[in-house]
Amino acid sequence: QVQLVESGGGLVQAGDSLRLSCAASGRTVRNYAMGWFRQAPGKEREFVVAINWSGGRTYYADSVKGRFTISRDNAKNTVYLQMNSLKPEDTAVYYCAADRSPELLTTKSINYDYWGQGTQVTVSS
(Lines give C-alpha, C1' and ligand atoms only; values in the text may rest on other atoms or scores of the structure.)
Protein backbone atom coordinates (compact mmCIF):
# COMPACT_ATOMS: atom_id res chain seq x y z
CA GLN A 1 0.00 0.00 0.00
CA VAL A 2 1.14 3.52 -0.82
CA GLN A 3 0.37 6.62 1.18
CA LEU A 4 0.80 10.02 -0.48
CA VAL A 5 0.98 13.28 1.41
CA GLU A 6 0.96 16.63 -0.37
CA SER A 7 2.36 19.81 1.11
CA GLY A 8 3.35 23.30 0.05
CA GLY A 9 -0.01 24.80 -0.74
CA GLY A 10 -1.04 28.23 0.43
CA LEU A 11 -2.41 31.65 -0.39
CA VAL A 12 -0.43 33.68 -2.92
CA GLN A 13 -0.95 36.59 -5.27
CA ALA A 14 -1.23 36.35 -9.03
CA GLY A 15 2.22 36.06 -10.57
CA ASP A 16 3.74 34.38 -7.52
CA SER A 17 5.22 30.91 -7.33
CA LEU A 18 4.63 27.86 -5.17
CA ARG A 19 6.30 24.49 -4.95
CA LEU A 20 4.18 21.51 -4.02
CA SER A 21 5.65 18.30 -2.71
CA CYS A 22 4.19 14.81 -2.65
CA ALA A 23 5.90 12.43 -0.27
CA ALA A 24 5.22 8.72 -0.62
CA SER A 25 5.43 6.18 2.15
CA GLY A 26 4.49 2.57 2.69
CA ARG A 27 6.38 1.42 -0.36
CA THR A 28 8.55 2.99 -2.98
CA VAL A 29 6.95 4.72 -5.94
CA ARG A 30 10.16 4.85 -7.95
CA ASN A 31 8.67 2.43 -10.46
CA TYR A 32 5.36 4.27 -10.69
CA ALA A 33 4.27 7.05 -12.97
CA MET A 34 3.05 10.00 -10.93
CA GLY A 35 0.53 12.71 -11.63
CA TRP A 36 -0.92 15.91 -10.29
CA PHE A 37 -4.59 16.75 -10.56
CA ARG A 38 -6.60 19.67 -9.25
CA GLN A 39 -10.19 20.37 -8.37
CA ALA A 40 -11.73 23.80 -8.07
CA PRO A 41 -14.99 24.39 -6.19
CA GLY A 42 -17.96 23.23 -8.22
CA LYS A 43 -15.77 21.71 -10.91
CA GLU A 44 -14.61 18.24 -11.80
CA ARG A 45 -11.14 17.05 -10.96
CA GLU A 46 -8.83 17.85 -13.85
CA PHE A 47 -5.45 16.58 -14.97
CA VAL A 48 -2.48 18.88 -14.53
CA VAL A 49 0.67 16.92 -15.33
CA ALA A 50 2.20 13.44 -15.26
CA ILE A 51 5.74 12.08 -15.10
CA ASN A 52 7.06 8.63 -15.85
CA TRP A 53 9.06 6.53 -13.41
CA SER A 54 12.46 7.90 -14.38
CA GLY A 55 11.45 11.51 -14.85
CA GLY A 56 12.47 11.36 -18.47
CA ARG A 57 8.98 11.85 -19.85
CA THR A 58 6.34 14.34 -18.84
CA TYR A 59 2.96 15.44 -20.11
CA TYR A 60 1.30 18.74 -19.25
CA ALA A 61 -2.19 20.08 -19.57
CA ASP A 62 -2.25 23.00 -21.97
CA SER A 63 -3.49 25.30 -19.22
CA VAL A 64 -0.24 24.95 -17.25
CA LYS A 65 2.31 24.28 -19.98
CA GLY A 66 5.25 26.67 -19.70
CA ARG A 67 4.32 27.71 -16.14
CA PHE A 68 4.38 24.47 -14.15
CA THR A 69 7.21 21.95 -13.91
CA ILE A 70 6.98 18.47 -12.48
CA SER A 71 10.01 16.62 -11.17
CA ARG A 72 10.78 13.67 -8.97
CA ASP A 73 13.48 12.46 -6.62
CA ASN A 74 13.19 8.70 -6.45
CA ALA A 75 15.80 8.49 -3.71
CA LYS A 76 13.48 10.58 -1.55
CA ASN A 77 10.29 8.95 -2.83
CA THR A 78 9.01 12.44 -3.56
CA VAL A 79 7.44 14.26 -6.49
CA TYR A 80 7.41 18.02 -6.88
CA LEU A 81 5.29 20.53 -8.73
CA GLN A 82 6.89 23.91 -9.28
CA MET A 83 4.19 26.43 -10.15
CA ASN A 84 5.22 29.79 -11.54
CA SER A 85 3.25 32.75 -12.82
CA LEU A 86 0.23 31.62 -10.89
CA LYS A 87 -3.19 32.85 -11.96
CA PRO A 88 -6.47 33.08 -10.04
CA GLU A 89 -7.82 30.27 -12.22
CA ASP A 90 -5.14 27.98 -10.76
CA THR A 91 -7.00 28.12 -7.45
CA ALA A 92 -7.92 24.56 -6.49
CA VAL A 93 -7.13 21.65 -4.26
CA TYR A 94 -4.13 19.90 -5.77
CA TYR A 95 -3.87 16.13 -5.54
CA CYS A 96 -0.92 13.85 -6.09
CA ALA A 97 -1.55 10.41 -7.57
CA ALA A 98 0.46 7.28 -8.30
CA ASP A 99 -0.01 4.93 -11.23
CA ARG A 100 1.52 1.46 -11.03
CA SER A 101 2.22 1.64 -14.76
CA PRO A 102 5.72 3.12 -14.89
CA GLU A 103 5.61 4.55 -18.39
CA LEU A 104 1.96 5.31 -19.08
CA LEU A 105 1.27 9.03 -18.80
CA THR A 106 -2.48 9.08 -18.53
CA THR A 107 -4.74 12.08 -18.01
CA LYS A 108 -7.58 9.97 -16.67
CA SER A 109 -7.93 9.93 -12.89
CA ILE A 110 -9.47 6.46 -12.95
CA ASN A 111 -6.15 5.01 -14.07
CA TYR A 112 -4.33 6.13 -10.94
CA ASP A 113 -4.11 3.68 -8.07
CA TYR A 114 -3.24 5.84 -5.08
CA TRP A 115 -4.17 9.40 -4.10
CA GLY A 116 -3.14 11.94 -1.55
CA GLN A 117 -5.53 13.99 0.53
CA GLY A 118 -4.83 17.20 -1.37
CA THR A 119 -3.38 20.61 -0.60
CA GLN A 120 -5.17 23.91 -1.14
CA VAL A 121 -3.72 26.49 -3.49
CA THR A 122 -5.40 29.87 -3.56
CA VAL A 123 -4.29 32.60 -5.94
CA SER A 124 -5.68 36.07 -5.36
CA SER A 125 -5.92 38.66 -8.11
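Residues numbered from 1 in each chain as written. Predicted model: local features only at pLDDT ≥ 70, side-chain atom pairs only at ≥ 80, totals over all residues. Heavy atoms only, no water.

A. A look at the nonpolar core. In terms of nonpolar packing, the biggest core is built from 37 residues, with Leu4, Met34, Trp36, Phe68, Leu81, Met83 and Tyr94 touching the most fellow members. Those elements that provide at least two residues to this core are strand 3 (18-25), strand 4 (33-39), strand 5 (46-51), strand 7 (68-73), strand 8 (78-83), strand 9 (92-99) and strand 11 (119-124). (Core = buried A, V, L, I, M, F, W, Y, C linked by side-chain atoms within 4.5 Å. Buried < 20%, exposed > 50% of the residue type's maximum accessible area, 1.4 Å probe, protein only. Helix = DSSP H or I, 4+ residues; strand = E, 2+ residues; numbered from the N terminus.)

B. Representation of the sheet that holds strand 3 within the structure. What the four strands build is an open sheet, ordered 1-3-8-7; its pairing is antiparallel. Lying at the two open borders of the sheet, with one neighbouring strand each, are strand 1 (3-7) and strand 7. Each strand axis lies, on average, 15° off the axis of its neighbour in the sheet, ignoring direction. In this structure, strand 7 lies alongside strand 8, joined through six bridges in antiparallel fashion. Across the sheet, residue Ser71 finds its bridge partner in strand 8, namely Tyr80. (Pairing = 2+ DSSP bridges. Axes fitted to C-alpha atoms, helices over the stretch in contact; angles between N-to-C directions.)

C. Examining the pairing of strand 5 more closely. The buried fraction of strand 5 amounts to five of the six residues, a majority that puts the element mostly inside the structure. Sheet topology places strand 4 next to strand 5; five bridges connect them, and they run antiparallel. Note that in strand 5 the partner of Gly35 across the bridge is Ala50. The hairpin formed by strand 4 and strand 5 contains six residues between the paired strands, and Gly42 there has a positive phi angle of roughly 80°. Relative to strand 6 (residues 58-60), strand 5 is paired through three bridges, and the arrangement is antiparallel. Note on strand 6: the bridge partner recorded for Val49 is Tyr60.

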